[in-house]
Amino acid sequence: MNKIKIGLFGFGKTGKLVAHEFINNESFELVWVAKRSASEDFIFASDALGLKGQSGKIVPISEINKEFFTNNPVDIIVDFSDTSGVNYYAPAADLGIKIISAISQYESGDMEYLKNLGLKTAVLYSPNITIGINLILMAAQIFQNILPHADIEIIEEHFRNKNEVSGTAKKIADTLGLDEETQINSIRVGGIVGKHEVIFGLPNQTIRLTHESISKAAFGQGAIFAAKWLINAGPGLYCMEDVIKNRVKEQLLEKQMEEKASSNYLQQFKNKILGLFK
Ligand SMILES: NC(=O)C1=CN([C@@H]2O[C@H](COP(=O)(O)OP(=O)(O)OC[C@H]3O[C@@H](n4cnc5c(N)ncnc54)[C@H](OP(=O)(O)O)[C@@H]3O)[C@@H](O)[C@H]2O)C=CC1
Ligand SMILES: O=C(O)C1=N[C@H](C(=O)O)C[C@H](O)C1
(Lines give C-alpha, C1' and ligand atoms only; values in the text may rest on other atoms or scores of the structure.)
(Ligands and ions follow the chains in the order given, each with its own letter.)
Protein backbone atom coordinates (compact mmCIF):
# COMPACT_ATOMS: atom_id res chain seq x y z
CA MET A 1 0.00 0.00 0.00
CA ASN A 2 1.31 3.48 -0.87
CA LYS A 3 2.75 5.35 2.09
CA ILE A 4 1.15 8.63 3.13
CA LYS A 5 3.65 11.41 2.30
CA ILE A 6 4.16 13.98 5.06
CA GLY A 7 5.71 17.45 5.04
CA LEU A 8 6.40 18.81 8.55
CA PHE A 9 6.57 22.46 9.60
CA GLY A 10 8.65 22.89 12.75
CA PHE A 11 11.56 20.86 14.11
CA GLY A 12 11.75 22.20 17.65
CA LYS A 13 11.00 20.68 21.06
CA THR A 14 7.83 19.04 19.70
CA GLY A 15 8.53 18.78 15.98
CA LYS A 16 11.57 16.57 16.58
CA LEU A 17 9.49 13.99 18.50
CA VAL A 18 6.71 14.21 15.91
CA ALA A 19 9.22 13.61 13.10
CA HIS A 20 10.56 10.60 15.02
CA GLU A 21 7.08 9.07 15.23
CA PHE A 22 6.34 9.54 11.54
CA ILE A 23 9.75 8.18 10.46
CA ASN A 24 9.21 5.05 12.57
CA ASN A 25 5.66 4.43 11.30
CA GLU A 26 5.55 2.18 8.22
CA SER A 27 2.36 3.81 6.94
CA PHE A 28 4.12 7.13 6.39
CA GLU A 29 7.04 8.69 4.54
CA LEU A 30 8.43 11.91 6.03
CA VAL A 31 9.47 13.73 2.85
CA TRP A 32 10.68 17.09 4.17
CA VAL A 33 10.86 19.23 7.30
CA ALA A 34 10.64 23.02 7.09
CA LYS A 35 12.02 25.18 9.87
CA ARG A 36 12.65 28.90 10.34
CA SER A 37 16.40 28.79 9.84
CA ALA A 38 18.50 26.62 7.55
CA SER A 39 20.05 23.58 9.18
CA GLU A 40 23.82 23.94 9.65
CA ASP A 41 24.49 20.40 10.82
CA PHE A 42 22.14 17.91 9.15
CA ILE A 43 20.62 17.37 5.70
CA PHE A 44 17.90 14.99 6.90
CA ALA A 45 15.74 14.90 10.04
CA SER A 46 16.62 11.21 10.40
CA ASP A 47 20.30 12.19 10.70
CA ALA A 48 19.48 14.80 13.38
CA LEU A 49 17.46 12.17 15.26
CA GLY A 50 20.13 9.46 14.96
CA LEU A 51 17.88 7.23 12.87
CA LYS A 52 18.84 5.09 9.87
CA GLY A 53 17.99 6.10 6.30
CA GLN A 54 17.41 9.52 4.79
CA SER A 55 13.98 10.79 5.84
CA GLY A 56 12.77 14.36 6.07
CA LYS A 57 15.07 16.65 4.10
CA ILE A 58 15.45 19.79 6.23
CA VAL A 59 14.69 23.03 4.38
CA PRO A 60 14.36 26.65 5.54
CA ILE A 61 10.77 27.94 5.48
CA SER A 62 11.95 30.65 3.03
CA GLU A 63 12.04 27.95 0.32
CA ILE A 64 8.39 27.01 0.85
CA ASN A 65 6.11 28.09 -2.02
CA LYS A 66 3.88 26.57 -4.72
CA GLU A 67 6.89 25.50 -6.80
CA PHE A 68 8.41 23.74 -3.77
CA PHE A 69 5.14 21.88 -3.12
CA THR A 70 4.92 20.90 -6.79
CA ASN A 71 8.51 19.61 -6.88
CA ASN A 72 8.36 17.99 -3.44
CA PRO A 73 4.80 16.63 -3.34
CA VAL A 74 3.27 15.46 -0.10
CA ASP A 75 -0.25 14.30 0.83
CA ILE A 76 -0.46 16.13 4.17
CA ILE A 77 1.35 19.04 5.81
CA VAL A 78 1.66 18.72 9.62
CA ASP A 79 2.36 22.04 11.34
CA PHE A 80 4.14 22.20 14.70
CA SER A 81 5.91 25.51 13.97
CA ASP A 82 4.21 28.68 15.16
CA THR A 83 1.39 30.97 14.12
CA SER A 84 3.41 32.21 11.12
CA GLY A 85 3.22 28.72 9.56
CA VAL A 86 -0.34 29.49 8.46
CA ASN A 87 1.09 31.93 5.89
CA TYR A 88 2.34 28.98 3.82
CA TYR A 89 -0.90 26.95 3.68
CA ALA A 90 -2.64 28.59 0.71
CA PRO A 91 -0.37 27.30 -2.12
CA ALA A 92 -0.58 23.83 -0.57
CA ALA A 93 -4.38 23.97 -0.36
CA ASP A 94 -4.50 25.08 -4.02
CA LEU A 95 -2.70 21.82 -4.90
CA GLY A 96 -5.13 19.77 -2.77
CA ILE A 97 -2.52 19.03 -0.10
CA LYS A 98 -4.28 18.33 3.20
CA ILE A 99 -3.31 20.20 6.35
CA ILE A 100 -3.03 19.26 10.01
CA SER A 101 -2.43 22.40 12.07
CA ALA A 102 -1.31 21.73 15.62
CA ILE A 103 -0.53 25.34 16.50
CA SER A 104 -2.02 25.78 19.93
CA GLN A 105 -3.07 29.39 19.73
CA TYR A 106 -3.81 31.36 16.59
CA GLU A 107 -4.19 35.10 16.13
CA SER A 108 -7.79 36.27 15.73
CA GLY A 109 -8.93 35.80 12.14
CA ASP A 110 -6.64 32.82 11.53
CA MET A 111 -9.42 30.33 12.38
CA GLU A 112 -11.67 31.97 9.76
CA TYR A 113 -8.76 31.66 7.33
CA LEU A 114 -8.45 27.93 8.09
CA LYS A 115 -12.21 27.57 7.52
CA ASN A 116 -11.82 29.17 4.08
CA LEU A 117 -8.94 26.86 3.22
CA GLY A 118 -11.32 24.04 4.14
CA LEU A 119 -13.34 24.95 1.06
CA LYS A 120 -10.40 23.73 -1.06
CA THR A 121 -8.89 20.86 0.96
CA ALA A 122 -9.23 18.89 4.19
CA VAL A 123 -7.91 20.91 7.14
CA LEU A 124 -7.73 19.55 10.69
CA TYR A 125 -7.01 21.97 13.53
CA SER A 126 -6.17 20.80 17.03
CA PRO A 127 -4.57 22.83 19.81
CA ASN A 128 -3.82 19.54 21.56
CA ILE A 129 -3.66 16.60 19.19
CA THR A 130 -3.32 13.82 21.77
CA ILE A 131 -6.15 11.31 21.62
CA GLY A 132 -6.42 11.43 25.41
CA ILE A 133 -7.15 15.12 25.86
CA ASN A 134 -9.84 14.97 23.18
CA LEU A 135 -11.52 12.07 24.99
CA ILE A 136 -11.40 14.22 28.16
CA LEU A 137 -13.00 17.09 26.23
CA MET A 138 -15.83 14.82 25.05
CA ALA A 139 -16.32 13.39 28.56
CA ALA A 140 -16.31 16.84 30.16
CA GLN A 141 -19.20 17.93 27.91
CA ILE A 142 -21.19 14.85 28.93
CA PHE A 143 -20.44 15.45 32.63
CA GLN A 144 -21.47 19.11 32.36
CA ASN A 145 -24.80 18.08 30.77
CA ILE A 146 -25.45 15.58 33.59
CA LEU A 147 -24.19 17.96 36.33
CA PRO A 148 -25.30 21.44 35.20
CA HIS A 149 -24.92 22.90 38.71
CA ALA A 150 -21.36 21.72 39.33
CA ASP A 151 -18.60 24.29 39.88
CA ILE A 152 -15.96 23.75 37.18
CA GLU A 153 -12.29 24.80 37.21
CA ILE A 154 -9.39 23.91 34.91
CA ILE A 155 -5.80 23.38 36.03
CA GLU A 156 -3.10 23.32 33.36
CA GLU A 157 0.53 22.49 34.12
CA HIS A 158 3.49 22.98 31.75
CA PHE A 159 7.25 23.38 31.66
CA ARG A 160 8.82 26.40 33.34
CA ASN A 161 9.34 28.65 30.29
CA LYS A 162 5.98 28.21 28.58
CA ASN A 163 4.88 31.83 28.49
CA GLU A 164 1.28 31.68 27.29
CA VAL A 165 -1.75 30.10 28.95
CA SER A 166 -2.35 26.65 27.48
CA GLY A 167 -4.29 26.71 24.23
CA THR A 168 -5.73 23.36 25.29
CA ALA A 169 -7.12 24.87 28.49
CA LYS A 170 -8.62 27.73 26.51
CA LYS A 171 -10.31 25.28 24.16
CA ILE A 172 -11.73 23.31 27.12
CA ALA A 173 -12.94 26.55 28.74
CA ASP A 174 -14.52 27.73 25.50
CA THR A 175 -16.22 24.36 24.93
CA LEU A 176 -17.68 24.35 28.45
CA GLY A 177 -18.61 28.03 28.40
CA LEU A 178 -16.15 28.92 31.17
CA ASP A 179 -14.33 32.23 31.76
CA GLU A 180 -10.75 31.88 30.46
CA GLU A 181 -9.59 34.67 32.77
CA THR A 182 -10.94 33.28 36.05
CA GLN A 183 -11.50 29.54 35.59
CA ILE A 184 -8.11 28.46 34.20
CA ASN A 185 -5.33 27.97 36.77
CA SER A 186 -1.81 27.75 35.29
CA ILE A 187 1.18 26.11 36.92
CA ARG A 188 4.70 26.42 35.44
CA VAL A 189 7.27 24.07 36.98
CA GLY A 190 10.27 22.08 35.78
CA GLY A 191 9.90 20.11 32.57
CA ILE A 192 6.22 19.14 32.70
CA VAL A 193 5.24 18.26 29.11
CA GLY A 194 1.54 19.09 29.53
CA LYS A 195 -1.09 18.18 32.14
CA HIS A 196 -4.74 19.27 32.12
CA GLU A 197 -7.37 18.66 34.79
CA VAL A 198 -11.06 19.53 34.64
CA ILE A 199 -12.53 19.61 38.18
CA PHE A 200 -16.29 19.30 38.77
CA GLY A 201 -17.11 20.48 42.33
CA LEU A 202 -20.33 19.26 43.97
CA PRO A 203 -21.55 19.67 47.57
CA ASN A 204 -20.55 16.17 48.68
CA GLN A 205 -18.11 14.98 46.04
CA THR A 206 -15.51 16.15 43.53
CA ILE A 207 -14.96 14.67 40.07
CA ARG A 208 -11.61 15.15 38.32
CA LEU A 209 -10.89 14.44 34.65
CA THR A 210 -7.12 14.42 34.16
CA HIS A 211 -4.85 13.97 31.15
CA GLU A 212 -1.06 14.08 31.23
CA SER A 213 1.27 13.97 28.24
CA ILE A 214 4.28 12.06 29.56
CA SER A 215 6.32 12.52 26.37
CA LYS A 216 5.96 14.84 23.39
CA ALA A 217 5.83 11.64 21.36
CA ALA A 218 2.13 11.63 22.34
CA PHE A 219 1.63 14.57 19.98
CA GLY A 220 3.25 12.64 17.15
CA GLN A 221 1.02 9.65 17.83
CA GLY A 222 -2.03 11.92 17.82
CA ALA A 223 -0.92 13.46 14.53
CA ILE A 224 -0.56 9.96 13.06
CA PHE A 225 -4.06 9.02 14.27
CA ALA A 226 -5.42 12.19 12.66
CA ALA A 227 -3.46 11.78 9.41
CA LYS A 228 -4.73 8.19 8.86
CA TRP A 229 -8.28 9.60 8.96
CA LEU A 230 -7.68 12.90 7.16
CA ILE A 231 -6.09 11.21 4.12
CA ASN A 232 -9.56 9.96 3.13
CA ALA A 233 -11.49 13.09 4.16
CA GLY A 234 -12.98 15.54 1.69
CA PRO A 235 -12.61 19.32 1.87
CA GLY A 236 -13.65 20.86 5.19
CA LEU A 237 -12.40 22.10 8.55
CA TYR A 238 -12.22 19.26 11.09
CA CYS A 239 -11.17 18.72 14.71
CA MET A 240 -9.94 15.66 16.64
CA GLU A 241 -13.47 15.10 17.98
CA ASP A 242 -14.57 14.40 14.37
CA VAL A 243 -11.81 11.79 14.01
CA ILE A 244 -12.61 10.07 17.31
CA LYS A 245 -16.38 10.04 16.65
CA ASN A 246 -15.72 8.53 13.22
CA ARG A 247 -13.56 5.79 14.73
CA VAL A 248 -16.28 5.02 17.31
CA LYS A 249 -18.89 4.78 14.54
CA GLU A 250 -16.63 2.44 12.53
CA GLN A 251 -16.10 0.18 15.57
CA LEU A 252 -19.85 0.09 16.38
CA LEU A 253 -20.59 -0.79 12.75
CA GLU A 254 -17.96 -3.55 12.77
CA LYS A 255 -19.47 -4.94 15.99
CA GLN A 256 -23.00 -4.85 14.53
CA MET A 257 -21.75 -6.67 11.42
CA GLU A 258 -20.02 -9.31 13.59
CA GLU A 259 -23.13 -9.80 15.71
CA LYS A 260 -25.30 -10.02 12.61
CA ALA A 261 -22.93 -12.53 11.03
CA SER A 262 -22.82 -14.64 14.19
CA SER A 263 -26.60 -14.59 14.60
CA ASN A 264 -27.00 -15.57 10.91
CA TYR A 265 -24.49 -18.36 11.46
CA LEU A 266 -26.35 -19.57 14.55
CA GLN A 267 -29.64 -19.45 12.65
CA GLN A 268 -28.18 -21.48 9.75
CA PHE A 269 -26.68 -23.99 12.21
CA LYS A 270 -30.03 -24.31 14.00
CA ASN A 271 -31.83 -24.84 10.67
CA LYS A 272 -29.37 -27.60 9.72
CA ILE A 273 -29.89 -29.37 13.05
CA LEU A 274 -33.67 -29.10 12.77
CA GLY A 275 -33.41 -30.31 9.18
CA LEU A 276 -31.85 -33.54 10.43
CA PHE A 277 -35.06 -34.40 12.33
CA LYS A 278 -37.51 -33.75 9.52
N1 LIG B 1 -1.42 20.72 19.12
C2 LIG B 1 -0.63 20.08 19.96
O3 LIG B 1 -0.94 18.97 20.41
C4 LIG B 1 0.66 20.71 20.36
C5 LIG B 1 1.01 21.93 19.86
N6 LIG B 1 2.20 22.48 20.17
C7 LIG B 1 2.49 23.74 19.50
O8 LIG B 1 3.51 23.49 18.54
C9 LIG B 1 4.24 24.70 18.33
C10 LIG B 1 5.71 24.41 18.48
O11 LIG B 1 5.98 24.09 19.82
P12 LIG B 1 7.49 23.77 20.25
O13 LIG B 1 8.03 22.68 19.39
O14 LIG B 1 7.49 23.58 21.72
O15 LIG B 1 8.22 25.15 19.90
P16 LIG B 1 9.78 25.38 19.55
O17 LIG B 1 9.99 26.84 19.68
O18 LIG B 1 10.62 24.41 20.29
O19 LIG B 1 9.90 24.98 17.99
C20 LIG B 1 9.31 25.79 16.98
C21 LIG B 1 9.82 25.24 15.66
O22 LIG B 1 9.13 25.89 14.61
C23 LIG B 1 10.10 26.48 13.72
N24 LIG B 1 9.48 27.65 13.15
C25 LIG B 1 9.19 28.83 13.71
N26 LIG B 1 8.53 29.59 12.82
C27 LIG B 1 8.40 28.87 11.69
C28 LIG B 1 7.78 29.06 10.44
N29 LIG B 1 7.18 30.20 10.12
N30 LIG B 1 7.80 28.07 9.54
C31 LIG B 1 8.40 26.89 9.82
N32 LIG B 1 9.00 26.63 11.00
C33 LIG B 1 8.99 27.62 11.91
C34 LIG B 1 11.32 26.74 14.51
O35 LIG B 1 12.42 26.80 13.61
P36 LIG B 1 13.93 26.97 14.14
O37 LIG B 1 14.28 25.67 14.82
O38 LIG B 1 14.73 27.18 12.89
O39 LIG B 1 13.90 28.16 15.07
C40 LIG B 1 11.32 25.49 15.42
O41 LIG B 1 11.86 24.40 14.73
C42 LIG B 1 3.68 25.69 19.34
O43 LIG B 1 2.65 26.44 18.70
C44 LIG B 1 3.03 24.80 20.39
O45 LIG B 1 1.97 25.45 21.09
C46 LIG B 1 3.11 21.88 20.99
C47 LIG B 1 2.81 20.67 21.53
C48 LIG B 1 1.55 20.00 21.28
O1 LIG C 1 3.69 24.27 24.37
C2 LIG C 1 3.50 23.03 24.52
O3 LIG C 1 4.39 22.18 24.70
C4 LIG C 1 2.10 22.58 24.48
N5 LIG C 1 1.21 23.44 24.05
C6 LIG C 1 -0.14 23.10 23.80
C7 LIG C 1 -1.06 24.05 24.56
O8 LIG C 1 -0.67 25.25 24.69
O9 LIG C 1 -2.16 23.63 24.91
C10 LIG C 1 -0.49 21.66 23.95
C11 LIG C 1 0.32 20.90 24.93
O12 LIG C 1 -0.23 21.09 26.21
C13 LIG C 1 1.77 21.21 24.90
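Quick notes on the rules
Residues numbered from 1 in each chain as written. Chains lettered and ligands numbered in written order. Predicted model: local features only at pLDDT ≥ 70, side-chain atom pairs only at ≥ 80, totals over all residues. Heavy atoms only, no water. Domains from an automatic or database assignment. Buried area = accessible area lost by both parts, 1.4 Å probe. Salt bridge = Lys/Arg side-chain N within 4 Å of Asp/Glu carboxyl O. Polar contact = N/O pair within 3.5 Å; in protein donor to acceptor, adjacent residues only side chain to side chain. Helix = DSSP H or I, 4+ residues; strand = E, 2+ residues; numbered from the N terminus. Nonpolar A, V, L, I, M, F, W, Y, C, P; charged D, E, K, R; others polar. Core = buried A, V, L, I, M, F, W, Y, C linked by side-chain atoms within 4.5 Å. Buried < 20%, exposed > 50% of the residue type's maximum accessible area, 1.4 Å probe, protein only. Contact = heavy atoms within 4.5 Å. Near = heavy atom within 4 Å. Areas by Shrake-Rupley, 256 points an atom, 1.4 Å probe, with all protein chains shown as cover.

## Focus on the domain arrangement of the chain
Assigned domains of the chain: these are domain 1 (4–129 + 217–249) and domain 2 (131–213). Centre-to-centre separation of domain 1 and domain 2, based on C-alpha positions: 26 Å. Between domain 1 and domain 2 the total buried area reaches about 1200 Å² when both faces are included, carbon and sulfur atoms providing 62% of it. On the domain 1 side of the contact with domain 2, Gln105, Asn128 and Ile244 bury the most area, a combined 43% of that side's loss. On inspection of domain 1 and its partner domain 2, the count reaches 0 salt bridges. On the surface where domain 1 and domain 2 come into contact, there are 4 residue pairs in polar contact (both at pLDDT 80 or more). Sorting the residues of the side of domain 1 that touches domain 2 by element identifies helix H8 (217–230) and helix H9 (240–276) as the ones contributing at least two each. It is H9 that contributes the most residues to the side of domain 1 that touches domain 2, 4 residues altogether. Each residue belonging to the side of domain 1 that touches domain 2 can be placed in one class, and the counts come to 7 nonpolar, 4 polar and 3 charged.

## Here we look at the nonpolar core
Judged by nonpolar contacts, the single largest core of 36 residues is most densely connected at Val78, Phe80, Ile100, Leu124 and Ile129. When contributions to this core are tallied by element, the ones reaching two or more residues are strand S1 (4–9), helix H1 (15–23), strand S2 (28–35), strand S4 (76–79), strand S6 (122–125), H8 and H9. The element that contributes the greatest number of residues to this core is H8, accounting for 8 residues. Excluding residues within four positions of it along the chain, Ile100 makes contact with Ile76, Ile77, Val78, Asp79, Leu124, Ile129, Ala223, Ala226, Ala227 and Leu230.

## Side note on the site of ligand 2
Neighbouring ligand 2 are 13 residues, the closest being Ser104, His158, Lys162, Gly167 and Thr168. Between ligand 2 and the protein, one listed contact pairs an oxygen atom with a side-chain N or O atom of His158 at 2.6 Å. Take Gly167: an N or O atom from its main chain is 3.0 Å from an oxygen atom of ligand 2. Alone, ligand 2 offers 320 Å² of accessible surface; in the complex the protein occludes 88% of this. Of the domains in this structure, domain 1 (4–129 + 217–249) and domain 2 (131–213) are the two that each give at least three residues to the shell around ligand 2.

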